[in-house]
Amino acid sequence: FTLTQAIRTRAFWTISIAHGLGATVFVTMSIHIIPALTDIGLSLSTAGIVVAILSVAAAASQVVGGFAGDRLPKRPLIFVALLIQGSSLIFGAIANTFIKASIFAVIFGIGQGLRVPLLVSIRGDYFGRKYFATILGASQLPMNVLMVGFPVLVGYMFDQIGNYFLSFLLLSCLSYLSAGLILLAKKPESLPDHHADTSRQLQ
């Protein structure tokens, strides 16, 4: 698939939006997690420990996600990863102790780590390798727009409400929406123009 061919498929847009929503959740959490943790009464040093737990869980899960993605269908794995990410945020919304925050960090980190290699590599499965970088770069444009807007929105919500409860639930909904979208991202069976036979050989 060339970029022009790829953007004419439903899979390109569903993957792009699903990836964008999932990444937006992570970026927004990265920006707001320390304020959210200190808001429930944790010290800055304790909040830092929770972030470290999240980072370790995410790093370990990326290795697992890459290994699993080479051996199992990626779409169901991505769906499960996004469900884990979304469910962790529901728990995170009510976490009010270090132990609960740490449990949230582990679960969120697992979901985040699993989805990253899978959402990137699925484009190679769907659209081939020759124009992989171009297609990946173009598909990240919607992601960049979302990643700019949602951290600001969550900050505004905190200023208006005084806590992060609804923000966590909103981010959870984004993760679940992303999971639903990825189920719609079926692999294109043929190219949308007469170059199908040639490009199919590149997949």
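Please read all numbers here as calculations on a predicted model, not as lab measurements. (Residues numbered from 1 in each chain as written. Predicted model: local features only at pLDDT ≥ 70, side-chain atom pairs only at ≥ 80, totals over all residues. Heavy atoms only, no water.)

1. Side note on the packing of helix H5 (residues 98–127) against helix H6 (residues 132–139)
Now for step 1: Running from N to C, H5 and H6 cross one another at 125 degrees; their axes reach a closest spacing of 10 Å. On the basis of their axis angle, the class for H5 and H6 is oblique. Between H5 and H6 lies a crossing whose hand is right-handed. Contact residues: H5 offers Val120, Arg123, Gly124 and Phe127, while H6 offers Phe132, Ile135, Leu136 and Ser139. (Axes fitted to C-alpha atoms, helices over the stretch in contact; angles between N-to-C directions. Helix = DSSP H or I, 4+ residues; strand = E, 2+ residues; numbered from the N terminus. Parallel < 35°, antiparallel > 145°, perpendicular 65-115°, else oblique. Left-handed = near helix turned anticlockwise from the far one by under 90°. Contact = heavy atoms within 4.5 Å.)

2. Quick word on a nonpolar patch on the surface
Now for step 1: A grouping of Ile49, Phe98, Ile99, Ile103, Val106, Ile107 and Ile110 is seen on the molecular surface, where their side chains present a nonpolar patch of about 530 Å² in accessible area.
Now for step 2: Of all the elements, H5 adds the most residues to the nonpolar patch, at six residues.
Now for step 3: Mapping Ile99 onto the fold places it in helix H5. (Patch = residues over 30% accessible without salt bridge, like charges linked within 9 Å, V, L, I, M, F, W, Y side chains within 5 Å. Areas by Shrake-Rupley, 256 points an atom, 1.4 Å probe, with all protein chains shown as cover. Salt bridge = Lys/Arg side-chain N within 4 Å of Asp/Glu carboxyl O.)

3. Some points on the environment of Gln140
Now for step 1: Positionally, Gln140 belongs in the loop between H6 and helix H7 (141–161).
Now for step 2: Assessed through its relative accessible area of 27%, Gln140 is described here as partly exposed.
Now for step 3: Each C-alpha atom, one on Gln140 and one on Ile17, is 8.6 Å from the other, the two residues being 123 residues apart in sequence. (Buried < 20%, exposed > 50% of the residue type's maximum accessible area, 1.4 Å probe, protein only.)

Just distances and angles here, no functional claims.
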